[in-house]
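Per-entry structural report
Letter by letter, the chains look like this.
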Amino acid sequence: MFLKKKYLPLVLLMVFLVSIVGCTQQQAQQTPAPPVNKDVILATTTSTQDSGLLDVLIPEFEKQSGYVIKTVAVGTGAALTMGQKGEADVLLTHAPSQEKPMLESGAITNYQLVMHNDFVIVGPENDPAQIKGIKTAAEAFKKINEKGALFISRGDNSGTHTMEKNLWKAAGITPTVSDKYQEAGQGMGQTLTIAQQKSGYTLTDRATYLAQKKNLSLVILVEGETALLNIYHVAQVNPEKYPKVNAAGAKAFVEFMVAPATQKIISEFKVQEYGQALFYADAGKNEADLGK
Amino acid sequence: MSKAIIEIKDMTLVLGGRTILNIPHFALLEGQSISLMGPNGAGKSSLMLVMAALLEPTSGTVVYFGKQAHEQSLLNLRRRMAMVFQKPMMLDSSVMENVEMGLKFRGLSRRARERQVTPWLERLGINHLVRQRARSLSGGEAQRVAIAQALVLQPEVIFLDEPFSNLDKGTRDEFKQDIGSLLRENSITTVMVTHHIREATDLTDIIYYMEDGEIISRQVTSDYLAVDEFSRQG
Amino acid sequence: MELIWEGLVKAFYLLMALDPEVLEVTWLTLKVSGTATLVSVLIGVPLGAVLALGRFPGRNFLVSLANFGMGLPPVVVGLWVSIFLWRSGPFGAFNIIYTPLAIIIAQAVIASPIVTSFTLAAIQQINPRIRLQLLALGANRMQMLWSLVKEARLGLLAAVMAGFGGVVSEVGASMMVGGNIKGMTRVLTTATVMEVNKGNFDVAIALSVILLGLAYGVTALLTTLQQWRNQR
């Protein structure tokens, strides 16, 4: 009795620690017909994760193919850099202006159009810069700049940030960080929250905005311009250049993303919930024809 | 003549620039029991630590069991001796664990430890304490446990640093007799530091007086007894 | 106010319904941070003990390094561990990045200096006369070390608590080396960040409540162990 009582705390501690270690070993994945290298690293933008689309697509792909997708959701800039360094196997991103040079340099291959939605400019309901109804984003940006209204930029080199910088360029303005132009340095969801809390304008993809709508009083002020299209491509990191990548898994994922069944899932994603589509499936289309 | 268990030659101990010990020659013979006496700071405890191979002298040689310190393993050397400190430091575990700790260090099995420990616990009257936490003991109890801790090791030499200082008068006398007969029965070579002449005369055969790190005199205790008897009669 | 209340209600609901996803994330958090803590104990306790008892050149430097390491920013650790584990990095061939093992490594790096420093302090606090006593009883080097570690066990449990508390609550390193991958490296902190990004504040609050509960539960368990004997 004496000994039992004495060692009980030690025994409890050991049982606790051993059970922890024991369980870490078996990270079992139960999937059919395991391929040789199961792990596929998908580098993608936060909007696909934050909108919930990946939560629907990934399990479907894993079920069909037997691969295990490791999704790393970062800004498109970081996702592309991961591709550039061969740290990812497959990319799902939305910054064509940055993706094209990578295709040309041979860093990525099997580059396929997947879907699009669009960017919108959102801002406080009282619209202090009075941009509501302006037809082009460039003009709206000019107006925001003129009126000295607060604009929250992603500032994280993401696809949205790239689009925003392109729009500023089109407006002939080079924004510098000030109390009227602030960089969040975070994902779209966080940036929207900051814009909401500070009553500022921001550029957002429609999917993330709709997904966050329940927490926001920000409203869509400018939309519909062709230049605001948000186009997602999927691409394999080139195995010829980076021999370590899981080429077979990446290829399977690209094929999955453009397959008719997947495209159907994308076009129907959350339509019921929001009364409008978050993404438009575009596989096989020509990028130049979008929005027409 | 019996052989020297510990022999010190031209030994000094300097700590922080101060000479703590300066012993030209000193020998502890097998079966001897001696006391070290003298004022505080005379170097009694330091000398004992050197003899117990727990403190390295600054210069000179110390010969243990016929061999110099550096010719043998200090660990094995320490395992032939035992020490009872002035204020027994118990580890925060049971009395039993404290008493058998030295045997455990020597690699004895649980059963062997028990066999060796039990008679001493009974002899020292602390059998009833074994399950108590060592830190919760009274001064007298702790002193007995500390003695047990040393004696179970069956040392060839035992060092006692003011072993009775924590005890009140009544327990002290009783305890002193216990220890005295224990040491004599087992004829263990003994070195004791004490401030009380009665303890020295009752328990040991020779008294060394120390002052400022030096041994200044040596007295055989039977002489004292004679003086004592004499003065009492006078 | 409404949001907070909704969050608490949601947390209660998620817990009561034993939502499999939440349970998975919670269990993974416990496993990953628990293992990292165990690893840091295996590294930090011997190291702290050696630093407390040893006298060797460079000791003071190592002690100051351990003390400094207690405040290692998790994101810095995350970045450096990532650099080493990336496919292009020196350990890329092992395919560790974006696995629970990667988080365990990063968290062990964070917790080890904490455990080391706590161990060092706990052992140094032991009365030096105990060391002399152990020496006199014939303890060899290992026996001395083990006896002192046992003697310092209250302080060591504090070290474990501090280490676990440090890693279970960090997000920067887990996010960077783990990637917040669902079902594999999504732990409570990274899931909380993600739910905030998704705008699901109620779920985020629920997760935060669960994280607090978990951290408290483990600490309470360890405290019970720590105080076990003192209360008898």
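Here goes a summary of the coordinates provided. (Residues numbered from 1 in each chain as written. Chains lettered and ligands numbered in written order. Predicted model: local features only at pLDDT ≥ 70, side-chain atom pairs only at ≥ 80, totals over all residues. Heavy atoms only, no water.)

**Some details on the overall build of chain B**
To keep it simple, the criterion reads: Numbering of helices and strands starts at the N terminus; helices are DSSP runs of H or I of at least 4 residues and strands are runs of E of at least 2. Here the radius of gyration uses the C-alpha set of atoms, whereas the globule reference equals 2.2 Å times the residue count to the power 0.38. For each residue, the accessible area found with a 1.4 Å probe, counting protein chains only, is set against the maximum for its type, and the residue is called buried under 20%, exposed over 50%, and partly exposed in between. The contact definition used throughout considers only heavy atoms, calling two residues in contact when any of these lie within 4.5 Å. For the area figures, the Shrake-Rupley method with a 1.4 Å probe applies, and any residue is considered shielded solely by the protein chains shown. When charges are tallied, Lys and Arg are placed among the positive residues and Asp and Glu among the negative ones, while His and the ends of the chain are skipped. Where a charge lies is defined by one atom per residue type: Lys uses NZ, Arg uses CZ, Asp uses CG and Glu uses CD.
Each helix and strand counted, chain B has 9 helices and 10 strands in total. In terms of C-alpha radius of gyration, chain B reaches 18 Å, essentially the compact-globule figure of 17 Å for 234 residues. With respect to the three principal axes, the spread of C-alpha positions in chain B is 55 × 45 × 40 Å. Each of the 234 residues in chain B was classed as buried or not, and the buried ones make up 52%. If you take every contact in chain B between residues at least 6 apart in sequence, the share linking residues at least 24 apart comes to 69%. For chain B, the accessible area works out to roughly 11000 Å², and carbon and sulfur atoms hold 48% of it. Of the side chains in chain B, 27 bear a positive and 28 a negative charge, and the two mean positions are spaced by 7 Å.

**Looking at the pairing of strand β1 (residues 39-45) of chain A**
Residues and elements named next belong to chain A. Cut-off, in case you're wondering: Here, strands pair whenever DSSP counts at least two bridges between them.
Of all 7 residues in β1, 6 are buried, a share of seventy percent or more. Sheet analysis places β1 next to strand β2 (residues 68-74), joined by 7 bridges and oriented parallel. Looking across to β2, one finds that Ala43 is bridged to Val72. The sheet contact formed by β1 and strand β3 (residues 90-93) spans 3 bridges and is parallel. Across the sheet, Leu42 pairs through a bridge with Val90, a residue of β3.

**Section: helix α10 (residues 188-198) of chain C**
Residue and element names in this part refer to chain C. The element α10 is extensively covered by neighbouring structure, given that 9 of its 11 residues are classed as buried. Residues of α10 that are buried include every one of Leu188, Thr189, Thr190, Ala191, Thr192, Met194, Glu195, Asn197 and Lys198, and no others. Just downstream of α10, Gly199 is the residue with a positive phi angle, here 85°.

**Quick word on the packing of helix α10 (residues 247-258) of chain A against helix α11 (residues 260-268) of chain A**
Residue and element names in this part refer to chain A. Stated formally: Axis definition: a line fit to C-alpha positions, over the contact stretch in the case of helices; interaxial angles, taken between N-to-C directions, run 0 to 180 degrees. In what follows, roughly perpendicular refers to angles from 65 to 115 degrees, roughly parallel to angles under 35, roughly antiparallel to angles over 145, and oblique to any angle outside these ranges.
Contact geometry for α10 and α11: axes closest at 5 Å, N-to-C directions at 60°. Overall, the two elements α10 and α11 adopt an arrangement that is oblique. The segment α10 lies against α11, with Phe256, Met257 and Val258 engaging Pro260, Thr262, Gln263 and Ile266.

**Side note on the packing of aromatic side chains**
For any pair of aromatic rings, geometry is given as the distance between the ring centres together with the angle between the planes. Condition: In this analysis, rings of Phe, Tyr and Trp, with Trp reduced to its six-membered ring, are considered paired at centre separations within 6.5 Å, and the interplanar angle assigns stacked below 30 degrees, edge-to-face beyond 60, and tilted for intermediate values. In this analysis the charged atom, NZ for Lys or CZ for Arg, is taken to sit over a ring once it is within 6 Å of the ring centre and within 35 degrees of the ring normal.
Inspection of every chain in the model, using the stated rule, returns 15 aromatic pairs over all chains. Ring geometry for Phe151 of chain A and Trp168 of chain A: centres 5.4 Å apart, planes at 80°, overall edge-to-face. Here Trp168 of chain A lies in helix α7 (residues 159-170) and Phe151 of chain A lies in strand β5 (residues 151-153), a separation of 17 residues in the sequence. There is no split in this pair, since Phe151 of chain A and Trp168 of chain A are both buried. Between Phe164 of chain B and Phe175 of chain B, the ring centres sit 5.7 Å apart and the planes meet at 85°, which makes this aromatic pair edge-to-face. Of this pair, Phe164 of chain B sits in the loop between β7 (157-161) and α7 (169-185) while Phe175 of chain B sits in helix α7, and the two are 11 residues apart along the sequence. Neither Phe164 of chain B nor Phe175 of chain B differs from the other in exposure class; each is buried. Against the face of Trp86 of chain C rests Lys85 of chain A, its NZ or CZ located 3.6 Å from the ring centre. For the cation-ring pair, Arg80 of chain B lies above Phe65 of chain B, with the distance from its terminal atom to the ring centre recorded as 3.7 Å.

**Let's talk about the sheet that holds strand β9 (residues 206-211) of chain B**
Two pairing modes exist for strands in a sheet, parallel and antiparallel, and in both the strands are linked by backbone hydrogen bonds. All names here are of chain B. The mixed open sheet is built from 6 strands, whose spatial order is β6-β7-β8-β3-β9-β10. Edge positions in the sheet fall to β6 (81-84) and β10 (214-220), since each of these pairs with one other strand and no more. Across this sheet, the average inter-strand angle for adjacent strands is 20°, counted without regard to direction. With 6 bridges joining them, β9 and β10 adopt antiparallel strand pairing. Directly across from Tyr209, in β10, lies its bridge partner Ser217.

**A word on the side chain of Asn238 of chain A**
Within the fold, Asn238 of chain A resides in the loop between β9 (229-237) and α10. The class of Asn238 of chain A is buried, set by a relative accessible area of 12%.

**Considering a nonpolar patch on the surface**
Residue and element names in this part refer to chain C. Which entries qualify depends on this criterion: Patches here are clusters of residues that have more than 30% relative accessible area and form no salt bridge, with a 9 Å joining cutoff for like charges and a 5 Å cutoff for nonpolar side chains (Val, Leu, Ile, Met, Phe, Trp, Tyr). Salt bridge, as applied in this entry: a Lys or Arg side-chain nitrogen positioned within 4 Å of an Asp or Glu carboxyl oxygen.
On the surface, a nonpolar cluster with roughly 810 Å² of combined accessible area is contributed by Val75, Val76, Leu79, Trp80, Ile83, Phe84, Phe91, Phe94 and Met176. The dominant element in the nonpolar patch, judged by the number of residues it contributes, is helix α4 (residues 74-85), at 6 residues. Topologically, Met176 is positioned in helix α9 (residues 172-178).

**Details of the sheet that holds strand β1 (residues 4-15) of chain B**
Residues and elements named next belong to chain B. Taken in spatial order, the 4 strands line up as β2-β1-β4-β5 in an open sheet, and their pairing is antiparallel. At either end of the open sheet lies a strand with only one pairing partner, and these are β2 (18-29) and β5 (67-68). Taken together, the 10 bridges between β1 and β2 define a ladder with antiparallel strand orientation. Bridging across to β2, Ala4 finds its partner in Leu29.

**Some points on unusual backbone geometry**
For Lys270 of chain A, which is not a glycine, the phi torsion comes out positive at approximately 60°. Inspection of the secondary structure assignment puts Lys270 of chain A in the loop between α11 and α12 (271-274). On the accessibility criterion, Lys270 of chain A (26% relative accessible area) is partly exposed. A positive phi is found at Ala53 of chain B, a non-glycine position, where the angle reads about 60°. For Ala53 of chain B, a relative accessible area of 6% translates into the label buried.

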